[in-house]
2 protein chains.
Amino acid sequence: MEQLSVTKLAPAEPATVSPPAVEALPTPALLLDLDAFEQNLAKMATFLRRKGVALRPHAKTHKCPRIALKQMEAGAEGICVAKLTEAEAFIAAGIRQVLVTTPVVDLLQIRRLMTLVKSAPDVTVVVDNPANVDALEEAAAAAGVRMPVLVDLDCGAHRTGVAPGPASTALAQRVARARALRFGGFQAYAAHLMHVVGYDDRRRSELEALDYALTARRLAERAGLPVSVFSVGGTGTYDVDCDIDGVTDVQAGSYVFMDVMYRAIGGRASSVYDDFKPALFVLSTAVSQPVQGFITIDAGYKAAAADHQPPQPWNLGDVSYQWAGDEHGILTLTNPRREVRVGDKIRLIVSHCDPTVNLYDRFHVCRGDQVVDVWPIVARGALPVTAAPGGDV
Amino acid sequence: MEQLSVTKLAPAEPATVSPPAVEALPTPALLLDLDAFEQNLAKMATFLRRKGVALRPHAKTHKCPRIALKQMEAGAEGICVAKLTEAEAFIAAGIRQVLVTTPVVDLLQIRRLMTLVKSAPDVTVVVDNPANVDALEEAAAAAGVRMPVLVDLDCGAHRTGVAPGPASTALAQRVARARALRFGGFQAYAAHLMHVVGYDDRRRSELEALDYALTARRLAERAGLPVSVFSVGGTGTYDVDCDIDGVTDVQAGSYVFMDVMYRAIGGRASSVYDDFKPALFVLSTAVSQPVQGFITIDAGYKAAAADHQPPQPWNLGDVSYQWAGDEHGILTLTNPRREVRVGDKIRLIVSHCDPTVNLYDRFHVCRGDQVVDVWPIVARGALPVTAAPGGDV
C-alpha cells in the first residue's frame, strides 16, 4: 500500500489552520472539484447498480489509486487499465481486479504480466490474434499460473480486436483449449462511437455495433463456451449499454471528470451532455497583457492536452482561449464576467481529460475554494521502466 | 549535483556484455540518436562562435541537465528556461547561468525566485510591466540580493513583452532605478516567426521584427542605459539573427532534436529544413492488425504531442500515421519498405519535440541500434510543487 501514501496537507499544523485557498496555488495546477467528483462517482454507480449491470471503470483516465479505490468502494467490480505498467501501479496500491484492455504482445512484457498474475490471479488481459494466445499460453505455463483472458472484438473502430464471427469463435476456442489460460468472455469497446454528436445518433450507432459484437457471444455459447464477461462501452454510451441483453459491465472512465469533448456530444434532452458534472480544471495565472482586450495565461501545450479543441475558460463570461505555444494561452476578453488582470487566477475546463491528467503529477483536491487534499497521479506516464526484472532494458 | 546521477546501464556487468538493443526496449519509449544529437550540438555551437554571437539554448525543449551540461561544454554562455521550477531543477544540477524567459508574476513564486538568486546570482528574469518590476524590487530588497533583469519585448507575437518604443525605455529605466535590480538589456523572441514556411519569407519577417525590436536598444542607449544583452531568436532563425548588429545571443532550443514541424518550414536551399538532423524518435510496437493494409501501434496522444501534425513513421517508405486515441495510432501501409507485422518495433519522428519530451521521464540514448545510456528528464512537468518553502501550497 506504499504507493497510496499521500501528502495530507499540513498534517503537523494545529487544527485551527484553515486549508489553503485554491487561489494561492502556484500554476499551472490540476484541480479536482470534490463535490462534482463525488456526485459523478455516486451517479454512475447507482445508475448501473439499478440496471443490474456492473461498472468496470477505466483507470487510464485518472491514473490515480486514490480514485480507483473510491470507485471500488462505490461498488465497481474491478478496474480497466490500458497497459501493463498501469496494472502494476494499481495492483501495488491494493486493487486486484484489473483488466488490461489492450493486447500485450511484447515477449518481455508478457513475462512481466505473468509475474503480476502470480500475485494477483484475477488480472485479465485481452487478445485478438492466435499467435498472441500461444505466446500467453507459453508464458503462463512457464510461470505456473492460469491467466484469465478475454477475446477483444473489433466492432467498427478497426483499432484492435478480431471481427465478431467465425474468427472470434476460433480465437475463443484457442484460448479455452490453452491449459494455462482461462477463457472469460469478450470485450467490445466501440472507440469510434463514444463521441458521436447527438444522443439519438449515438444510441442507434452503439446498438448496431453491440448487436454485431454480440454475434461473438452467441456463436461462442453455441460452441459450448461459457461467456461470463461481455465488457463494453464508456461514458458516451453507458445508458445505452446497460439495457442491452448480454452485456455484463461498462468500462466508463471520463464520467468522473468530464471535459469539453464529452460536453459537446449532447445529452438525451439538451445540447450539452450534462449527465455528469465538470470536476477537472486547470488553474492558470494571467502573466502578461501586451494588447488590451487580450491577456496571456501560463497554460499552453504542456498544461492541457491539444489533441482536439482547446481548453475553455470556466465561468468567465464571453472569453475564449487560443493556444500560444508550449507554455502559454491567450484569452480574448470579448465580454468577461469580471475584470481580468495580470496576476489573476483563471480556471479552464480541459478539452480531453485523459491526456491532460497525464501531464500532471498530482490532483489538487478542492472543496469549494479550499484545497483539502493532494492525490498523486501514481501511474502518470506509466511508461515501461528501463531496468525491468531480469536485467532487460 | 545529485540530480545528475544517471542510471548507467548494467554497470556491474562484466565488460563483455554488449549494450542492449534498441529493438528490445519496451514501448512506447523516447529515443535520442547520439550521432545526430552530437552533430547538431557541434554545428550550432561552431556556427555561432564563428559569427561572434553567443548561444543561450532553451532548455524547455529537453528539460534534461545532462543535455544542458553538454551545451555548456560546447560553449553556450548560459541556458534559457521557461519557468521558475525549471530554473530550480537546472541550478540544482550545477548550471548557474539561467535566464527565465517568461515573466514571473505570482508573489509566492517571486519569493522563491529570490531564494534561487541567493545561491545563483546570475539567474536572470524578464519583465514586461511596471507593477512586476516593483514586486521584483521589493522581493529582491527583502532577500538582500541584486537580481539581473531583462526587459521582454513584444515584437509581434503579442504573447508577452512590452512594445519597443517609449514604453520599453520607461520600463528599462524603472528597472535601472530599482536598487535591488540590475538592468541587463532586452529579450526579443519572435515566437510567431520561427515556423514561417520558406527561408526567404522567414528571413524577411525576422529582419523586420528585429529591426523594430532594436528600436528599444537604441532608445535605451540614448537614455544612457548600457545594454549588455539583446537575446533573440530560435532554431528557425538562428542564421538570420547572427548577422544582425546589436544582437548578442540566440535562444535556439529545438536544434538538438528537430521535429516534423521544423523540417516542414523549408531550408535555405531545400524544401526540407535540414540544417540539423532528426535525433529524437518515439519507439513503438505494432500491437494489432484488425484490417489488412493497416496496423495499430502503441503510440497515441500520451506518447507524442498532438498540438500540430501527427508523428511520422521514420524510414518506412510510404506509410502514414493517424491518431487512434490516447494509447494508439494506426499506420496506413500504402507501400512499406519492409513487411510490418504485429510485434514489430516502429520508429516515429515526432511532430513537436518540446511537448513530446514533456510526456516522458527519460531519454534512451542510442548509438546506432544499441542503447548506451539513459538520461533522466529531470524537469519533466516541472509543475510547481505543492509544499513550497514557507509552508504555502
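Residues numbered from 1 in each chain as written. Chains lettered and ligands numbered in written order. Predicted model: local features only at pLDDT ≥ 70, side-chain atom pairs only at ≥ 80, totals over all residues. Heavy atoms only, no water.

### Notes on helix α2 (residues 65–73) of chain A
Taken as a whole, α2(A) has its buried residues at P65(A), R66(A), I67(A), A68(A) and Q71(A). Positive backbone phi, approximately 115 degrees, marks G75(A), located one or two places after α2(A). (Buried < 20%, exposed > 50% of the residue type's maximum accessible area, 1.4 Å probe, protein only. Helix = DSSP H or I, 4+ residues; strand = E, 2+ residues; numbered from the N terminus.)

### Details of the relation of the copies chain B and chain A
Of the transformation placing chain B onto chain A, the axial shift is 0.0 Å and the rotation is 180 degrees, giving an RMSD of 0.0 Å. On the angle and the small slide along the axis, the relation comes out as a two-fold axis. In this assembly, 100% of the residues forming the interface of chain B have copies in chain A that are likewise at the interface, indicating an isologous arrangement. (Least-squares fit on C-alpha atoms with pLDDT ≥ 70 in both. Contact = heavy atoms within 4.5 Å.)

### Quick word on the interface of chain B and chain A
Contacts between chain B and chain A engage 63 residues on the former and 63 residues on the latter. With both sides pooled, the region where chain B packs onto chain A buries about 5100 Å², and carbon together with sulfur makes up 57% of that total. Linking chain B with chain A are 8 salt bridges. The partner of K345(A) in a salt bridge is D106(B), and the shortest N-O contact between them spans 3.0 Å. (Buried area = accessible area lost by both parts, 1.4 Å probe. Salt bridge = Lys/Arg side-chain N within 4 Å of Asp/Glu carboxyl O.)

### A look at the pairing of strand β16 (residues 362–367) of chain A
Residues and elements named next belong to chain A. Of the strand pairs in this sheet, strand β1 (residues 29–33) and β16 are connected by 3 bridges, and their pairing is parallel. Within β16, the residue paired with L31 across the bridge is H364. Bridge count between β16 and strand β17 (residues 370–376): 6 bridges; the pairing is antiparallel. Bridging from a neighbouring strand, R362 pairs with P376 of β17. Linking β16 back to β17 in an antiparallel pair, the connection comprises 2 residues, with G368 at a positive phi of about 60 degrees. (Pairing = 2+ DSSP bridges.)

### A closer look at the packing of aromatic side chains
The tally for this structure, following the rule as stated, stands at 22 aromatic pairs over all chains. Judged by centre distance (5.4 Å) and plane angle (50 degrees), the ring pair of F281(A) and W314(A) falls under tilted. Of this pair, F281(A) sits in strand β10 (residues 280–288) while W314(A) sits in the loop between β12 (312–313) and β13 (317–323), and the two are 33 residues apart along the sequence. Seen from their ring centres, F186(B) and F230(B) are 6.1 Å apart, and the 55 degrees between their planes marks the pair as tilted. Pair noted here: F186(B) is in strand β7 (residues 181–188) and F230(B) is in strand β8 (residues 229–232), with a separation of 44 residues, a long-range link. Accessibility classification places F186(B) together with F230(B) in one group, the buried group. Taken together, F47(A), Y238(A), Y255(A) and F276(A) form an aromatic cluster joined through their ring pairs. R202(A) extends its terminal NZ or CZ atom over the ring of Y273(A), reaching a point 5.5 Å from the ring centre. The positively charged end of K43(B) is found above the aromatic ring belonging to F276(B), 5.8 Å away from the centroid. (Phe/Tyr/Trp six-rings, centres within 6.5 Å; stacked < 30°, edge-to-face > 60°. Lys NZ or Arg CZ within 6 Å of the ring centre and 35° of its normal.)

### What about the environment of Q97(B)?
All names here are of chain B. Considering the arrangement of structural elements, one finds Q97 in the loop between α3 (84–92) and β4 (98–100). With relative accessibility at 29%, the residue Q97 sits in the partly exposed group. Taking the C-alpha atoms as reference points, Q97 and A76, separated by 21 residues in sequence, lie 9.7 Å from one another. If we skip the residues at most four places from it in the chain, Q97 touches M72, E77, G78, I79 and D122.

### A few points about the sheet that holds strand β4 (residues 98–100) of chain A
Residue and element names in this part refer to chain A. With parallel pairing, the 8 strands of this open sheet are ordered in space as β2-β9-β8-β7-β6-β5-β4-β3. The open sheet is flanked by β2 (54–55) and β3 (79–81), the only strands paired with a single partner. Two elements, strand β7 (residues 181–188) and strand β8 (residues 229–232), share 4 bridges in a ladder whose sense is parallel. Along β8, the bridge assignment pairs G185 with V229. Helix α5 (residues 130–143) contacts β5 (124–127) and β7 of the sheet and is inclined by roughly 150 degrees relative to β5. (Axes fitted to C-alpha atoms, helices over the stretch in contact; angles between N-to-C directions.)

### Regarding the pattern of salt bridges
One pass over the full model with this rule turns up 42 salt bridges over all chains. The residue E88(A) makes a salt bridge to R112(A) at a minimum N-O spacing of 2.7 Å. Taken as a pair, E88(A) in helix α3 (residues 84–92) and R112(A) in helix α4 (residues 107–119) lie far apart in primary sequence, 24 residues in all. Owing to a relative accessible area of 12%, R112(A) belongs among the buried residues under this scheme. One salt bridge in this structure joins E86(B) and K63(B), with 2.9 Å as the shortest N-O distance. Residue E86(B) is located in helix α3, and its partner K63(B) is located in the loop between β2 (54–55) and α2 (65–73); the two are separated by 23 residues in the primary sequence. Accessibility assignment for this pair places E86(B) and K63(B) in one class, buried. One salt-bridge network, held together by shared partners, links D361(A), R380(A), D361(B) and R380(B).

### Regarding the confidence of the model for chain A
Low-confidence regions, as indicated by low pLDDT, have predicted coordinates that should not be scrutinised in detail. Residue and element names in this part refer to chain A. Taken as a whole, chain A shows an average pLDDT of 93; of its residues, 93% reach a score of 70 or greater. For the stretch residues 1–15, pLDDT sits under 50, and the model shows 27 contacts to residues farther than four places along the chain or on other chains. This model gives residues 386–393 a pLDDT under 50, and the stretch forms 15 contacts once residues within four places in sequence are excluded. For this predicted complex, the interface confidence reaches an ipTM of 0.93, while the overall pTM sits at 0.93. (pLDDT = per-residue confidence, 0-100.)

### Quick word on the packing of α3(B) against helix α4 (residues 107–119) of chain B
Residues and elements named next belong to chain B. Between α3 and α4, whose axes approach to 10 Å, the crossing angle comes to 20 degrees. What the angle tells us is that α3 and α4 run roughly parallel. Crossing of α3 against α4: the hand is left-handed. Across the interface between the two elements, L84, T85, A87, E88 and I91 of α3 pack against Q109, R112, L113, L116 and S119 of α4. For the contact of α3 with α4, the per-class residue count stands at 5 nonpolar, 3 polar and 2 charged. (Parallel < 35°, antiparallel > 145°, perpendicular 65-115°, else oblique. Left-handed = near helix turned anticlockwise from the far one by under 90°. Nonpolar A, V, L, I, M, F, W, Y, C, P; charged D, E, K, R; others polar.)

### Some details on the sheet that holds β8(B)
Residue and element names in this part refer to chain B. What the 8 strands build is an open sheet, ordered β2-β9-β8-β7-β6-β5-β4-β3; its pairing is parallel. Each having just a single partner strand, β2 and β3 (79–81) make up the two edges of the open sheet. Sheet analysis places β3 next to β4, joined by 3 bridges and oriented parallel. Residue V81 lies in a different strand from β4, and its bridge partner there is V100. Docked against the sheet, helix α5 (residues 130–143) engages β5 (124–127) and β7, running at close to 150 degrees with respect to β5.

### Some details on the packing of α4(A) against α5(A)
Residues and elements named next belong to chain A. At a minimum axis distance of 9 Å, the contact between α4 and α5 shows a crossing angle of 50 degrees. In terms of orientation, α4 lies oblique with respect to α5. Crossing handedness for the pair α4 and α5: right-handed. Where α4 approaches α5, its residues L107, I110, L113, M114 and K118 are matched on the opposing element by N132, A135, L136, A139, A140 and A143. Of the residues belonging to the contact of α4 with α5, the class tally is 9 nonpolar, 1 polar and 1 charged.

### Digging into unusual backbone geometry
Cis geometry marks the peptide bond from T27(A) to P28(A), where omega comes out at -5 degrees. Counting through the fold element by element, P28(A) comes out in the segment before β1. The phi torsion at N315(A) lies on the positive side, around 60 degrees, for a residue other than glycine. Mapped onto the elements, N315(A) comes out in the loop between β12 and β13. In this structure, H158(B) is a non-glycine residue whose phi angle is positive, near 55 degrees. Mapped onto the elements of the fold, H158(B) is located in the loop between β6 (147–152) and α6 (166–177).

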